[in-house]
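Residue-level structural notes
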Amino acid sequence: MKKTIVPIVLMIVALTALSFTAGKGITLRLSPTKGKTYVIDTKTNQTTTMKIQGHSMNSIQRVEMKQTFSAKEVSNNSITLNTQIDAIKMAVTTMGMTLNYDSENPQSISPMIADQAQEFDAIIKKPTDVTYDVLGHLTEADDNDMSHQLSNAIIELPEEELSVGSQWTFVKSQNISDYDVNVNMIYTVTAISKKSVDVSFTGTIDAKEISGTYNGTASINAHTGIVMTCTLENSMSATVSEQGMEIPITITGTATISVKEQ
């Protein structure tokens with residue numbers, strides 16, 4: 001009899017533990033600590049291929065960017081962040097040439113990208129305010145470009161409680177090679193712990209000019225609702241008209257993002 005009881009007891013314990021794990025849920029809300037500074041480090045690699053009169057031209061762009069933000073005001077309904085881009089480093093290789101930009105080393109900037117360098121210089125260390133509600137919906141921005149830059153760390157969160165397997169969707173607006181596009185995002189919860197909510201995600205571009213997809217993984221801080229790490233891949237295609245010619249363009253890229261408390 002004892003031999004029979006023991007397996008049954010163990011089975012009941014196992015089922016109870018399984019039920020508890022499956023029912024474990026969490027509600028994410030944007031709640032950064034007021035006055036604390038967060039640092040976003042972003043690294044991207046992008047390859048653009050253009051086909052002109054049967055010939056392919058490749059351009060490879062590598063960008064490293066450091067951005068900081070801090071919670072200026074935090075309430076039950078609204079969060080105002082003060083943010084700025086602290087540094088940009090870029091290398092573009094095309095037609096056998098590599099052009100460089102480094103905001104922290106002006107002497108290394110390639111003269112051929114002087115115009116673009118001036119555009120970068122104009123936004124470096126220029127603080128601006130961006131306001132969200134507790135679900136990460138953008139409600140006000142002094143500079144919309146800066147709100148786009150924050151979108152890697154601040155995403156729209158679901159109102160409902162989440163458990164492993166839960167999904168939520170939202171539309172992410174983005175500027176891609178001077179095109180304003182919408183990306184339909186789907187997030188799926190893959191793991192939950194006391195510190196983080198891990199997710200996988202896919203995105204489909206919704207635009208007449210561009211088609212493409214995103215996919216990747218991210219880890220969201222369970223207490224602040226801020227993305228802590230993210231890796232993604234993207235693939236896009238478009239056709240542009242230039243001097244009477246239709247030029248097909250494909251863009252593929254990868255990115256890694258990390259957000260740390262300073």
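Keep in mind that this is a model prediction, so the values were computed, not measured.

**With respect to the nonpolar core**
Membership of the largest hydrophobic core comes to 48 residues, with the highest contact counts inside it found for F69 and W168. The residues touching F69, leaving out its near neighbours within four places in the chain, are K36, T37, Y38, I40, L81, N82, T83, L150, A153, I226 and V259.

**Regarding the pattern of salt bridges**
For the structure shown, the criterion picks out 3 salt bridges. We note a salt bridge from E261 to K36, for which the minimum N-O separation is 3.8 Å. Remark: K36 occurs in the loop between α1 (2-23) and β1 (37-52) and E261 occurs in strand β12 (residues 245-261); sequence separation between them is 225 residues.

**Observations regarding the packing of aromatic side chains**
Inspection of the entire model under this criterion finds 5 aromatic pairs. Seen from their ring centres, W168 and Y187 are 5.2 Å apart, and the 20 degrees between their planes marks the pair as stacked. One end of the pair, W168, is in strand β7 (residues 167-176); the other, Y187, is in strand β8 (residues 179-192), and 19 residues separate them in sequence. Judged on exposure class, the residue W168 and its partner Y187 are both buried. In this structure an aromatic cluster arises from ring pairing among W168, F170, Y187 and F201.

**Observations concerning the environment of G225**
Considering the arrangement of structural elements, one finds G225 in the loop between β10 (210-221) and β11 (227-242). Owing to a relative accessible area of 1%, G225 belongs among the buried residues under this scheme. Separated by 91 residues in the primary sequence, G225 and V134 place their C-alpha atoms 8.9 Å from one another. In contact with G225, not counting residues within four places along its chain, are R29, L30, L157 and I220.

**Re the confidence of the model for the protein chain**
With 89% of its residues at a pLDDT of at least 70, the protein chain reaches an overall mean of 87. For the protein chain, per-element mean pLDDT is lowest for α1, which scores 42, and highest for β10, which scores 96. Every residue in residues 1-23 is under pLDDT 50, and counting partners more than four places away or in other chains gives 1 contact.

**Topic: the environment of S70**
With respect to the helices and strands, S70 occurs in strand β2 (residues 55-74). C-alpha of S70 to C-alpha of L81: the two residues are 11 residues apart in sequence and 5.5 Å apart in space. Non-local contacts of S70, meaning those with residues more than four positions away in its chain, are made with K36, T37, T80, L81 and N82.

**Observations concerning the pairing of strand β9 (residues 196-206)**
Examined bridge by bridge, β9 and β10 share 9 bridges and lie antiparallel to one another. Each bridged residue has a counterpart across the sheet, and for V197 the counterpart in β10 is I220. The turn linking β9 back onto β10 is made up of 3 residues.

**A look at unusual backbone geometry**
Positioned with a positive phi, M95 is a non-glycine residue whose angle comes to about 50 degrees. Residue position: M95 is located in the loop between β3 (79-94) and β4 (97-102).

**Quick word on a negative patch on the surface**
On the surface, E140, D142, D143, D145 and D180 cluster together to form a negatively charged patch. Structurally, the position occupied by E140 is in strand β6 (residues 138-141). Note on E140: relative accessible area 51%, which makes it exposed.

**Concerning the side chain of T131**
Along the chain, the position of T131 falls in strand β5 (residues 128-132). Residue T131 is classed as buried on the basis of its relative accessible area, which comes to 11%. Beyond its immediate sequence surroundings of up to four residues, T131 is in contact with S78, I79, T80, H137, L138, T139 and E140.

**Some points on the environment of T217**
Structurally, T217 can be placed in strand β10. In this structure, the C-alpha to C-alpha distance between T217 and E233, residues 16 residues apart in sequence, is 9.6 Å. If near-sequence neighbours (up to four positions away) are discounted, T217 is found in contact with V199, S200, F201, T229, C230 and T231.

What counts, and at which threshold
Residues numbered from 1 in each chain as written. Predicted model: local features only at pLDDT ≥ 70, side-chain atom pairs only at ≥ 80, totals over all residues. Heavy atoms only, no water. Core = buried A, V, L, I, M, F, W, Y, C linked by side-chain atoms within 4.5 Å. Buried < 20%, exposed > 50% of the residue type's maximum accessible area, 1.4 Å probe, protein only. Contact = heavy atoms within 4.5 Å. Salt bridge = Lys/Arg side-chain N within 4 Å of Asp/Glu carboxyl O. Helix = DSSP H or I, 4+ residues; strand = E, 2+ residues; numbered from the N terminus. Phe/Tyr/Trp six-rings, centres within 6.5 Å; stacked < 30°, edge-to-face > 60°. pLDDT = per-residue confidence, 0-100. Pairing = 2+ DSSP bridges. Patch = residues over 30% accessible without salt bridge, like charges linked within 9 Å, V, L, I, M, F, W, Y side chains within 5 Å. Areas by Shrake-Rupley, 256 points an atom, 1.4 Å probe, with all protein chains shown as cover. Lys, Arg positive; Asp, Glu negative; His and termini not counted. Charge placed at Lys NZ, Arg CZ, Asp CG, Glu CD.

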